[in-house]
Amino acid sequence: MTRETRNILAYVAPFATWIGLQTFLPATAWAYAARTAATLAVLLACWRPRLETGMRQPGVGRLAATGWGVAGGLLVLALWTLPEFSDLYRTWCVWPLGSLPAVSSAPSPYDPAVCGWTLTAAKLVGSACVIAPVEELFFRSFLYRWLQKRDFLSVPASRFDLSAFLWTVFLFTLEHDRPLAAALCAAIYGILSIRFGLLSAIVAHVTTNLLLGVYVVAANQWAFW
């Protein structure tokens, strides 16, 4: 295996593990916990921190990167949740388009009444602390730069390329069931990564997923999960 291949695998393998297991495993709390554990194991096995050159952009301190990340994460959380109060939004901006998503009487598989608090907590922690960083490493640090140049590690993380930016937003959107919110989300995370560094985008994504999970559990808004 060449060095270039190993470098690509460090970014791609964790995300590919997550998507692959999501495709083949059932939508249950146990399956989610297993997917999260497997993805984390692959991340720890593949990742080499020395590869990452854009955690913070030059002149940006850790506190500033973190602060902008938290602010961005809160903005994304608002964009993800507040429009849900509109039937028009839920009809035309949530898959499947054109039909108001039916409110199911069946309990969510992640409801602690169904799976227990341990697996509900595993869902919350996994989505915030494992899946969010994995997605940022793949989309913002690897894919965005790889679309500009196959030797992606030679591309400065601060370089703005409109085509690569739009493709990254589009592909991120395909992974989610709320295309408008996902597109805005991807754009915000992408801008944070370019302007302040990958750390800022990771903090934003973790903030969004963590607080969204708290909202889901506290308000019984299981449709988000």
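The model shown is predicted, which means the values in this text are computed figures rather than measured ones. Each residue is numbered by its place in its chain's sequence as written, counting from 1. The model is predicted, so local features are restricted to residues of pLDDT at least 70 and side-chain atom pairs to those at 80 or more, both for listing and for counting; the totals for chains, interfaces and linings are taken over all residues. Water and hydrogen atoms were dropped before computing side-chain values, which therefore reflect all heavy atoms in the structure.

## Some points on the overall build of the protein
Numbering goes from the N terminus for both helices and strands, where a helix is a DSSP run of H or I of at least four residues and a strand is a run of E of at least two. Within the protein one finds nine helices and zero strands. What you see in the protein, going N to C, is helices and strands ordered as α-α-α-α-α-α-α-α-α. The globule rule is 2.2 Å times the number of residues to the power 0.38, and the radius of gyration it is compared with is taken over C-alpha atoms. In terms of overall dimensions, the protein is globule-like: its C-alpha atoms have a radius of gyration of 18 Å, near the 17 Å expected for 225 residues. Dimensions of the protein along its principal axes, counting C-alpha atoms only, are 50 × 35 × 35 Å. Of all 225 residues assigned to the protein, the portion counted as buried reaches 47%. Split by element, the accessible area of the protein, about 11300 Å² in all, is 70% carbon and sulfur. In this tally, Lys and Arg are treated as positive and Asp and Glu as negative; His is ignored, and so are the chain termini. Just so you know, the charge point we use is NZ for Lys, CZ for Arg, CG for Asp and CD for Glu. Computed over 16 positive and 11 negative side-chain charges, the separation of the two mean positions in the protein equals 10 Å. Three labels apply to residues, based on accessible area from a 1.4 Å probe with only protein chains included: buried if under 20% of the type maximum, exposed if over 50%, partly exposed otherwise in between. Accessibility throughout is a Shrake-Rupley quantity obtained with a 1.4 Å probe, and a residue counts as covered only by protein chains that appear here.

## Digging into empty space enclosed by the protein
Cavity and pocket criteria rest on a 1 Å grid covering protein atoms alone: a 1.4 Å probe that fits but cannot get out defines a cavity, protein on both sides within 12 Å along at least 5 of 7 lines defines an open pocket, and an atom within 4 Å of a point defines a lining residue. Grid points are joined across faces, edges and corners, and a volume is the space filled by probe spheres set on the points. For the structure shown, the criterion picks out two cavities of 30 Å³ or more. What lines the largest cavity is F139, R140, Y144, F165, T168, V169, A186, G190, S193 and I194. Those elements that provide at least two residues to the lining of the largest cavity are α6 (117-146), α7 (162-174) and α8 (179-196). Counting residues per element, the lining of the largest cavity draws most heavily on α8, which supplies four residues. Ten residue types, Ala, Val, Leu, Ile, Met, Phe, Trp, Tyr, Cys and Pro, are classed as nonpolar, four, Asp, Glu, Lys and Arg, as charged, and the remainder, Gly among them, as polar. Residue composition of the lining of the largest cavity, by class: six nonpolar, three polar and one charged.

## Some points on the nonpolar core
Within this scheme, the nonpolar core is defined by two criteria: the residues are buried Ala, Val, Leu, Ile, Met, Phe, Trp, Tyr or Cys, and they are joined through side-chain atoms within 4.5 Å. In this structure, W80 and W225 are the most contacted members of the largest nonpolar core, which totals 53 residues. Looking at this core, the elements with two or more residues in it are α1 (3-24), α2 (29-46), α3 (62-81), α6, α7, α8 and α9 (198-219). The leading source of residues in this core is α6, at 11 residues.

## Quick notes on unusual backbone geometry
The omega angle of the peptide bond from W95 to P96 is -5°, so this bond is cis rather than trans. Within the secondary structure, P96 sits in the loop between α4 (87-92) and α5 (112-115). For N220, which is not glycine, the phi torsion reads 55° and is therefore positive. Within the secondary structure, N220 is located in the segment after α9. With relative accessibility at 54%, the residue N220 sits in the exposed group.

## Points about α7
A helix's residues, less one, multiplied by 1.5 Å, set its expected span. Look at α7: 19 Å from first C-alpha to last across 13 residues, which is about the 18 Å you get at 1.5 Å a residue. What α7 keeps buried is the set A164, F165, T168, V169, F172 and T173. The inward-facing, buried residues of α7 abut α6, α8 and α9. Between the side-chain oxygen of the N-cap and the backbone nitrogen of S163 there are 3.3 Å, and the N-cap of α7 in question is D161. Residues are treated as being in contact if the distance between any of their heavy atoms lies within 4.5 Å. As used in this structure description, the phrase polar contact means that two N or O atoms lie within 3.5 Å; if the pair is within protein, one of them must be able to donate a hydrogen and the other to accept it, and residues adjacent in sequence are counted only when both atoms belong to side chains.

Geometric descriptors of this kind do not, in isolation, establish any biological role.
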